[in-house]
Amino acid sequence: MKIYVSRDSAAKALGADEVAEALTAEIDASGIRGEIIRTGSRGMVWLEPLVEIDAGQGRMAYGPISADDVPALLGGRIDSLGLTEEIPFFARQTRLTFARCGVTDPLSLSDYETHGGLVGLRRALVMSGEEIVDEVKVSGLRGRGGAGFPTGIKWDTVRLARAAQKYIVCNADEGDSGTFADRMIMEGDPYTLIEGMAIAGLATGATRGYVYLRSEYPDAIAVMEEAVKRARAAGILGADVLGSGRTFDMEIRSGAGAYVCGEETSLLNSLEGKRGVVRSKPPLPALEGFLGRPTVVNNVISLATVPVIFEKGADFYAAFGLGRSKGTIPVQIAGNVARGGLFETAFGMPLGELVEEVAGGTASGRAVKAVQIGGPLGAYFARDKFDTPFGYEDFDGQGGLIGHAGLVVFDDSADMLKMARFAMEFCAVESCGKCTPCRIGAVRGVETLDRIAAGDSAAVEVLTDLCEVMKDGSLCALGGFTPYPVMSALQAFPEEFAGVKEAAE
Ligand SMILES: Cc1cc2nc3c(=O)[nH]c(=O)nc-3n(C[C@H](O)[C@H](O)[C@H](O)COP(=O)(O)O)c2cc1C
Ligand code: SF4
């Protein structure tokens, strides 16, 4: 009998380590023949700690399980949820990037290879840089870190740049609210990120890579460090990648924790040991990035998706999706929801279906009021926008953005004026200070929202003007996108900004 328990930090926070210990103790005490395997997460966080038992009929799911439940579980006295992969939340997904996550032991290279790992890298090793880049272009892969920029075009710029040294930098800062896909893949399938970075190196001629990982993710740091060590020992990284004579090596660096360090130029400054302040563009990082050299800066999911594209082919990947939003997107569902977790699906599913059906509505049982998509700088979508399909252009057309595809759901008790104030305050606190519209504008924005809260409805016009200035005049998207949550809240719920004092009189 094989027993699978996640070692993902969300599962651990809910007691997975204690459950695994109790399972070991019970197996020892009862003489049951069982092997415990620690995996990544299946992404069904509301069921964690999830225990899967395979006694020959496939992996049956039980959850949430506490350490106290273990004797009853092994004694067959707890009802199963059925085969894990038949649980509707799981069965409705298209798992490409996350295909191995929750299935394999994250640090086992043999597990990795048995489940399709390294097929993509082996294929890329016999291709030219141009052919590799073309494959990525045909796949339609766009940056999953926020801006949705075509990955193949970014790689081509670095490939064509002439320099003695080039770099691949993985942006694992994952600062957006309600997002955890980067962490989940790093903890649950670290070799796919390593493989993706190696392919990026082969494509562009970069021989060194760095993962810039947020310090708040100690488990991900530990798993990635160990995975890099094992990959190097196995000859996947180093001076002779899989015996090809090609070089690619990488290391893990941890950031000190500022939201703006997720912005690529600020990240590069931080990686160089400088203060995390945004750099003006141009020059693009693709031409003058880390230490002034041509650098690919890509998000974790962008890079971790590359191996499956090379394993299954660009056309296979591009056949999923909607319009120019090709392939799949790991949607992270959080906030006030009945079923929170990671849901990888082809682009195109309507937002309302994700919120009402997949996530099952709110945990509080009240009506959904709004969903913030794309982190703290993302717009609030009220129910009238729930038929918007998940796609870059579709969201843009509705005044929103996908960002890193985190959904934070709010019920009808949410105070949208307070949420707008929070966005402005967040910007004021996290501003790097380099440009005036963001540094000063956000502080004035908080004050203006306080005036509105105190009943001064004339301040709504000031707020609107201020948002216009921040949007047009900020150097980076931290200041430039703060108007999204503020203005979307104002536009969708104008009555909540209509002068509380008047209403009370
Ligand atoms: C304030 C701010 C924070 C950001 N935070 C992140 C982040 O945490 N992770 C990330 O991948 N991209 C983040 N980005 C986007 C990056 O600047 C950059 O576009 C991305 O890393 C490029 O990778 P991609 O093309 O693979 O998406 C942020 C951007 C801004 C303006
Ligand atoms: S918008 Fe804000 S975070 Fe971005 S450069 Fe200007 S001050 Fe810095």
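Residues numbered from 1 in each chain as written. Chains lettered and ligands numbered in written order. Predicted model: local features only at pLDDT ≥ 70, side-chain atom pairs only at ≥ 80, totals over all residues. Heavy atoms only, no water.

> What is the right way to read the environment of Y191 from this model?
Tracing the backbone through its elements, the reader meets Y191 in helix α10 (residues 190–204). Judged by its relative accessible area of 2%, Y191 falls in the buried class. Considered as a pair, Y191 and M44 are 147 residues apart in the sequence and their alpha carbons are 22 Å apart. (Helix = DSSP H or I, 4+ residues; strand = E, 2+ residues; numbered from the N terminus. Buried < 20%, exposed > 50% of the residue type's maximum accessible area, 1.4 Å probe, protein only.)

> Would you mind showing me how to read the packing of helix α7 (residues 129–139) against α10 here?
When two helices pack together, their arrangement is given by the angle between the helix axes and by the axis-to-axis distance. Viewed as axis vectors pointing N to C, α7 and α10 meet at an angle of 125°, and their least axial separation amounts to 7 Å. The orientation of α7 with respect to α10, classified from their angle, is oblique. Between α7 and α10, the residues in contact are G129, I132 and V133 and I199, L202 and A203, respectively. Looking at the contact of α7 with α10, its residues break down into five nonpolar, one polar and no charged. (Axes fitted to C-alpha atoms, helices over the stretch in contact; angles between N-to-C directions. Parallel < 35°, antiparallel > 145°, perpendicular 65-115°, else oblique. Contact = heavy atoms within 4.5 Å. Nonpolar A, V, L, I, M, F, W, Y, C, P; charged D, E, K, R; others polar.)

> How should I be thinking about the layout of surface pockets in this particular structure?
Gaps left between atoms show up when a probe the size of a water molecule is rolled over them. Volume-wise, the largest pocket comes out at about 1100 Å³. For the largest pocket, the lining is made up of 43 residues, of which G145, G146, A147, G262 and E264 are closest to its centre. Taken together, the elements giving at least two residues each to the lining of the largest pocket come down to α8 (151–160), β8 (295–299) and α21 (477–481). It is β8 that contributes the most residues to the lining of the largest pocket, four residues altogether. Within the lining of the largest pocket, the residues separate by chemical class into 16 nonpolar, 17 polar and 10 charged. In this structure, the second largest pocket occupies an estimated 330 Å³ of space. Together, 18 residues line the second largest pocket, and G399, Y484, M487, S488 and Q491 are the ones closest to its centre. Listing elements by their share of the lining of the second largest pocket, those giving two or more residues are β14 (380–382), α20 (459–473) and α22 (483–492). By residue number, the principal contributor to the lining of the second largest pocket is α22, which donates six residues. (1 Å grid on protein atoms, 1.4 Å probe; cavity = no way out; pocket = protein on both sides within 12 Å on 5 of 7 lines; lining within 4 Å. Points joined across faces, edges and corners; volume = space filled by probe spheres on them.)

> When you look at the site of ligand 2 in this model, what are you seeing that I'm missing?
Lining the immediate environment of ligand 2, one finds 13 residues, of which C432, K434, C435, C438 and C476 sit closest. A molecule is said to occupy a pocket when more than half its atoms come within 2 Å of that pocket's grid points, and by this definition ligand 2 occupies the largest cavity. Here the residues of the shell around ligand 2 sort into eight nonpolar, four polar and one charged. (Near = heavy atom within 4 Å. Sits in = over half its atoms within 2 Å of the grid points.)

> For this particular structure, what's the right way to read the nonpolar core?
Soluble globular proteins tend to bury their nonpolar side chains together. In this structure, W155, M186, V211 and L213 are the most contacted members of the largest nonpolar core, which totals 65 residues. The dominant element in this core, judged by the number of residues it contributes, is α10, at nine residues. Excluding its chain neighbours within four sequence positions, the residues that come into contact with V211 are C170, A172, M186, L193, M197, M250, E251, I252 and R253. By size, the runner-up hydrophobic cluster in this structure holds 34 residues, among which are L47, A359, F390 and L401. (Core = buried A, V, L, I, M, F, W, Y, C linked by side-chain atoms within 4.5 Å.)

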